[in-house]
Amino acid sequence: MERQIADNAVYMYKLEAGDNPASEDVTRSAVEILRAISPELKKRVAIKPNVTIPADPDSGIITHPDFVAGIVDYFYEVGVPLQDIVVAEGGGSGRPPHGMDGHFGQGGYTEMAQSRGVELVNMNWDERAPVYQPQAEILKEIGISKTVKDDDTYFINVPKYKTHNLAVTTLSMKNLMGTITPCDDRHLCSVAKEHAERAHEITSNGITLREELLCHKLCDLSLASKPDLNVIEGIVGRDGTAFNHGKNIQTNLVIAGKNVVSLDAVGSYLMGLEPADIGYLIIASQRGLGEIDVEKIEIYEAKDGQLVPCDDITRFMSEIPFEVLAGDKQPRDIPLNKEMLARLQTVSG
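Presented here is a report on the structure given in the accompanying data block. (Residues numbered from 1 in each chain as written. Predicted model: local features only at pLDDT ≥ 70, side-chain atom pairs only at ≥ 80, totals over all residues. Heavy atoms only, no water.)

Attention shifts here to the layout of surface pockets. A volume near 420 Å³ is recorded for the largest pocket. Together, 20 residues line the largest pocket, and Thr52, Lys174, Met177, Arg186 and Phe243 are the ones closest to its centre. Mapped by element, the contributors of at least two residues to the lining of the largest pocket are strand E8 (160–164) and helix H6 (172–175). For the lining of the largest pocket, the class distribution of residues is five nonpolar, 11 polar and four charged. (1 Å grid on protein atoms, 1.4 Å probe; cavity = no way out; pocket = protein on both sides within 12 Å on 5 of 7 lines; lining within 4 Å. Points joined across faces, edges and corners; volume = space filled by probe spheres on them. Helix = DSSP H or I, 4+ residues; strand = E, 2+ residues; numbered from the N terminus. Nonpolar A, V, L, I, M, F, W, Y, C, P; charged D, E, K, R; others polar.)

Following this line, the structure appears as structure tokens:
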């Protein structure tokens, strides 16, 4: 039975598994949360993971292909033909040897797609669906991949549970960058020439101008590229820069929701961070795009195929805080939330 997904609600699933969960456990975690949520069906399904650089499946850097396999399995189970399910990503520069063929191959996606009988789509060169949004701050005209923009397609955004050198956390909102086409328009972290000299100036929000511009671009992007559902794969999370510098943290956690802002606020909180001190969440809240106070967000957990109100979100929090490394690999001073600070004081005491 399809359920109405509440706009600002967040849904969580905790995989009961020990260290190094087996492939089938990772796959099962995706199936279980989708069974509990029971999303609506459309004619086609487009699954957008995070495969932005070439990395091994177990690197912690990309969405695990076994998790995406579980999403494919679920939609096939509920009646979507395999020929109508695609896995789509736009990563790297788009040009060999930095294009998606190599990314998909090293990341285990080519093998996964062949085993499941679904198509891989390279959104770097996908047909462009132009979006005009005068209400945007910066991206007033932007191209979004038609693969995820089609009205008959259920667009499911599947980011990895990671921190990021500039954005602090890279979850649902930032994962949408891969839907921008052509790929040369995708470099939202870059600074325009007119702002270059002021890039490190601190704004009224307490972040650099470079970061603030990125935050507004991410907010603008979330107006143009709207998933039907976001599912964060956090079986093994990744801190550090989001790429090759950092460590893996096993959380066995899956977090889902429709509103990218509320979802990313909960995800960031469960990393041990304070959402009200993260630039893109601050600006998203200021612009009225979603709730970032976790105490005001409806949170449910998936149990035995059902959704039940979550009575204690702290049960899902990482045992250790996720550290954020800047581009120079030095730690960034990102405030921890009260719960994580209390835990650390208990351990040290």
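Turning to its location among the elements, Asp312 is positioned in the loop between strand E13 (306–309) and helix H10 (338–348). Classification of Asp312 by relative accessible area gives partly exposed; the value is 30%. For Asp312, the side chain forms a polar contact with the side chain of Thr314, separated by 2.5 Å. (Buried < 20%, exposed > 50% of the residue type's maximum accessible area, 1.4 Å probe, protein only. Polar contact = N/O pair within 3.5 Å; in protein donor to acceptor, adjacent residues only side chain to side chain.)

The next point concerns the packing of aromatic side chains. Counted according to the given criterion, the structure contains five aromatic pairs. An angle of 80° between the planes, with centres 5.2 Å apart, marks the rings of Tyr74 and Phe75 as edge-to-face. For Tyr74, a relative accessible area of 4% gives the class buried. Exposure remark for Phe75: the relative accessible area of 0% places this residue in the buried category. (Phe/Tyr/Trp six-rings, centres within 6.5 Å; stacked < 30°, edge-to-face > 60°.)

Tracing the chain through its elements places Asp220 in helix H7 (residues 209–224). When its relative accessible area of 0% is taken as the criterion, Asp220 is described as buried. From its side chain, Asp220 meets the backbone nitrogen of Ile138 in a polar contact 2.7 Å long.

Another aspect to go through is helix H1 (residues 23–37). When the terminal C-alpha atoms of H1 are compared, their 22 Å separation across 15 residues agrees well with the 21 Å that a helix rising 1.5 Å per residue should span. When H1 is considered as a whole, its buried residues turn out to be Asp25, Val26, Thr27, Ser29, Ala30, Val31, Ile33, Leu34, Ala36 and Ile37. Positive phi appears at Ser38, one or two residues downstream of H1, with a value of about 50°. (Expected span 1.5 Å × (residues − 1).)

Mapped onto the elements, Leu273 comes out in the loop between helix H8 (260–270) and helix H9 (279–286). Using a relative accessible area of 0% as the deciding quantity, one classes Leu273 as buried. Leu273 sits 51 residues away from Val324 along the chain, and the two C-alpha atoms are 9.9 Å apart. Setting aside its immediate chain neighbours within four residues, Leu273 contacts Val168, Thr169, Ser268, Ile278, Phe322, Val324, Ile334, Pro335, Leu336 and Asn337. (Contact = heavy atoms within 4.5 Å.)

Where burial is concerned, most of H8 is hidden: 11 out of the 11 residues are buried. If you check which residues of H8 are buried, you get Val260, Val261, Ser262, Leu263, Asp264, Ala265, Val266, Gly267, Ser268, Tyr269 and Leu270. Taking the backbone nitrogen of Val261 as reference, a side-chain oxygen 2.9 Å away marks Asn259 as the first, capping residue of H8. Where H8 ends, the next residue or the one after it, Gly272, has phi of about 100°, a positive value.

It is worth spelling out the pairing of strand E7 (residues 153–158) at this point. Taking burial as the measure, the six residues of E7 include six buried ones, the bulk of the element. Here E7 shows no split at all, with Thr153, Phe155 and Asn157 on one side and Tyr154, Ile156 and Val158 on the other all buried. With six bridges joining them, strand E2 (residues 44–49) and E7 adopt parallel strand pairing. What sits directly across from Ile47, in E7, is Ile156. Bridge count between E7 and strand E10 (residues 229–238): two bridges; the pairing is parallel. Across the sheet, the residue bridging to Asn157 is Asn230, located in E10. (Pairing = 2+ DSSP bridges.)

So, about the side chain of Asn259. Tracing the backbone shows Asn259 in the loop between strand E11 (248–257) and H8. Asn259 gets classed as buried once you look at its relative accessible area, which sits at 15%. A polar atom in the side chain of Asn259 sits 3.1 Å from the backbone oxygen of Leu289. Contact partners of Asn259, with chain neighbours within four places excluded, come to Asp7, Asn8, Leu289 and Gly290.

In this model, Thr181 is joined to Pro182 through a cis peptide bond whose omega is 5°. Counting through the fold element by element, Pro182 comes out in the loop between H6 and H7. Its identity as a non-glycine residue notwithstanding, Val168 has a phi of 80°, on the positive side. Looking at the secondary structure, you find Val168 in strand E9 (residues 168–170). A positive phi angle, close to 50°, is found at Asp304, a residue other than glycine. Its place among the elements puts Asp304 in the loop between strand E12 (299–303) and E13.

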